[in-house]
Amino acid sequence: MTTNTYIAGTGWLYRFDPRAKILLMLLMCIWFFLPVSLLHLSIVVGLVVLSGSFNAGWHHAWRTFVSISPMLLFMVLFMPFNVRDGSPLLSIGGFTVITTEGLEQALRLMSRFIGITYVCTLLFATTVMHEVMLALRWYHLPYKASLVVTLAFTYIPFIADSFSQISESHRLREAEDEKKRKFGQRLKDLVPTLTSALVVALKSIPNLAMSLEMRGFGRDERRTSYHSLDAYHHVCTHFLLSCIIPVAFWFANIFF
């Protein structure tokens, strides 16, 4: 299971210390819930997406947006039931579908969700997994908890990659055009793919257990590390920047 979420690159986020990067991620997640205007919130989300696109690539930014698009769609569909009070913006036959306050609340929730998603995915897209684990342990997170986090972000992409390969394999064996099939038939044809993915997941259990054993999971001895974070020489500067960036966004919201 060598699949992970890391994307090789040379942007400024790749040269950022992982410990400071985790602090920046947490502070930005807190910032998105501060009482800021919708305009400033949207601008900061746009800057986060642009920064992620220039560092991890536009393909990663688009793939992340596609992965959260169903949740954004649910937010749009439930927007009429979100806020019923306020100025009507769209009415049908005397029934208020959307209010101005409801639209603003929905846009705010969507902006927060997009911003938090991109901030968190950028951490794992621009940081090697063993450096993430070392950074979490530097914050005195227990080794077992750090191991669970790193294995989750390794095992889930492995299963997703296997599911994609199985889907392509089944699609190549089908003579009928997929676009001509009905929706019910597509769901029915999805059962063999899910069954194959489940078999792959079950067959990977011994490998996962062996990986845990090799990493000393369940032992009482003190855990040692082959890798280190000594290659990052500007730790204080990176920590200072991690604090300055959200504070600068906050003051920009106040004075502009």
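Residues numbered from 1 in each chain as written. Predicted model: local features only at pLDDT ≥ 70, side-chain atom pairs only at ≥ 80, totals over all residues. Heavy atoms only, no water.

## Points about unusual backbone geometry
Link 1 in the chain: For His 140, which is not a glycine, the phi torsion comes out positive at approximately 65°.
Link 2 in the chain: Its place among the elements puts His 140 in the loop between α5 (129-138) and α6 (143-172). (Helix = DSSP H or I, 4+ residues; strand = E, 2+ residues; numbered from the N terminus.)

## Section: a nonpolar patch on the surface
Link 1 in the chain: On the surface, a cluster of nonpolar side chains totalling about 660 Å² of accessible area is made up of Leu 39, Ile 43, Leu 47, Leu 50, Phe 54 and Trp 58.
Link 2 in the chain: Examining the composition of the nonpolar patch, we find that five residues originate from one element, helix α2 (residues 38-56), more than from any other.
Link 3 in the chain: Here Leu 47 shows up in helix α2.
Link 4 in the chain: A relative accessible area of 41% places Leu 47 in the partly exposed class. (Patch = residues over 30% accessible without salt bridge, like charges linked within 9 Å, V, L, I, M, F, W, Y side chains within 5 Å. Areas by Shrake-Rupley, 256 points an atom, 1.4 Å probe, with all protein chains shown as cover. Salt bridge = Lys/Arg side-chain N within 4 Å of Asp/Glu carboxyl O. Buried < 20%, exposed > 50% of the residue type's maximum accessible area, 1.4 Å probe, protein only.)

## Remarks on the side chain of Arg 112
Link 1 in the chain: Counting through the fold element by element, Arg 112 comes out in helix α4 (residues 100-125).
Link 2 in the chain: Among buried charged residues, Arg 112 stands out as having no salt bridge; its nearest opposite-charge side chain is Glu 104, 9.5 Å away.
Link 3 in the chain: Once you skip the residues sitting within four places of it in the chain, Arg 112 turns out to touch Phe 32, Phe 33, Leu 34 and Leu 41. (Lys, Arg positive; Asp, Glu negative; His and termini not counted. Contact = heavy atoms within 4.5 Å.)

## Re the pattern of salt bridges
Link 1 in the chain: Scanning all chains against the criterion turns up two salt bridges.
Link 2 in the chain: The partner of Arg 19 in a salt bridge is Asp 17, and the shortest N-O contact between them spans 2.9 Å.
Link 3 in the chain: Its relative accessible area of 0% is what places Asp 17 among the buried residues.
Link 4 in the chain: With a shortest N-O distance of 3.8 Å, Arg 108 and Glu 104 are connected by a salt bridge. Here Glu 104 and Arg 108 lie together in helix α4, a separation of four residues that amounts to about one turn.

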